[in-house]
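Letter by letter, the chains look like this.
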Amino acid sequence: MKLLAGDLGGTKTLLGLYETDEAGLRLIHEARFESAAFPGLPAMIAAFLSQVPGTPAASIAALAIGVAGPVHAEGDDDQRARITNLTYSVESASLRALGFPRVRLVNDFYTVAAAAAGYRLGQLPAADLLTLQEGQPVPGGALAVLGAGTGLGEALVSLSSGRPVILPGEGGHSDFAPGDDVEDGLLRALRQKYGHVSWERLVCGAGLLATATF
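Participant: So what's going on with helix H1 (residues 41-50)? Residues and values would help.
Facilitator: Within the sequence span of H1, burial applies to Leu-41, Met-44, Ile-45, Phe-48 and Leu-49. Along H1, the residues classed as buried sweep out an arc of 135° about the axis, all on the same side. Those residues of H1 hidden inside the fold are in contact with strand E1 (2-8), strand E2 (12-21), strand E3 (24-34), strand E4 (62-67), strand E7 (89-91) and helix H2 (92-96).

Written as structure tokens, this is what we have:
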């Protein structure tokens, strides 16, 4: 059975075709695409499949895509996602129209948070951790998972029920709240450029450059 998995981000998209059997997953082909170079995800996937002759979409059992934006669903067969840092949206219906029997869209940071929950973070060796601000861990408390790339991904992992419950969010678009005179000046400078200043304006690829030149 063949599976196609991908990660659609504001800058790049990674696609990988796998074959699964009793031995597990085996990578058949992978490719990277510049997300903004295509009018939408269907065109990108068509370009990918052209690199794997003899593998039409109908021969692939399922397509799963992690997308950089919130996923709205009206049933499993009607999922839609607005990609935060791109000009286009993604609809499961347009992907099924390519011939895929099954399509699933997932918030990309849901998968990151799932991995974080699986490792429980606290089990990582000290060499893999960098403490930004000392704190006191609370057993069973929630975990915050953040990742800066083209945008700022955020998610919460609740452990109160005894198993991880992942809550993906768009907290990167919440207002930047300055805490001193320097940050007040940064807010004024960025507001002149962008209008609304979210945390993503500061903590992402372009945001780090903006703050470094302030």
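Still to come is the rest of the account.
Participant: Explain a nonpolar patch on the surface residue by residue, including any values.
Facilitator: A grouping of Leu-156, Val-165 and Leu-167 is seen on the molecular surface, where their side chains present a nonpolar patch of about 230 Å² in accessible area. Within the fold, Leu-156 resides in strand E10 (residues 152-158). A relative accessible area of 43% means that Leu-156 is categorised as partly exposed.

Participant: Which residues make up the side chain of Ser-198, and what are the values?
Facilitator: Within the secondary structure, Ser-198 sits in the loop between helix H4 (181-194) and helix H5 (205-212). Accessibility expressed as a relative area gives 5% for Ser-198, which makes it buried. At a separation of 3.5 Å, a polar atom in the side chain of Ser-198 contacts the main-chain carbonyl oxygen of Gly-172.

Rules behind the numbers
Residues numbered from 1 in each chain as written. Predicted model: local features only at pLDDT ≥ 70, side-chain atom pairs only at ≥ 80, totals over all residues. Heavy atoms only, no water. Buried < 20%, exposed > 50% of the residue type's maximum accessible area, 1.4 Å probe, protein only. Helix = DSSP H or I, 4+ residues; strand = E, 2+ residues; numbered from the N terminus. Arc of directions from axis to C-beta. Contact = heavy atoms within 4.5 Å. Patch = residues over 30% accessible without salt bridge, like charges linked within 9 Å, V, L, I, M, F, W, Y side chains within 5 Å. Areas by Shrake-Rupley, 256 points an atom, 1.4 Å probe, with all protein chains shown as cover. Salt bridge = Lys/Arg side-chain N within 4 Å of Asp/Glu carboxyl O. Polar contact = N/O pair within 3.5 Å; in protein donor to acceptor, adjacent residues only side chain to side chain.

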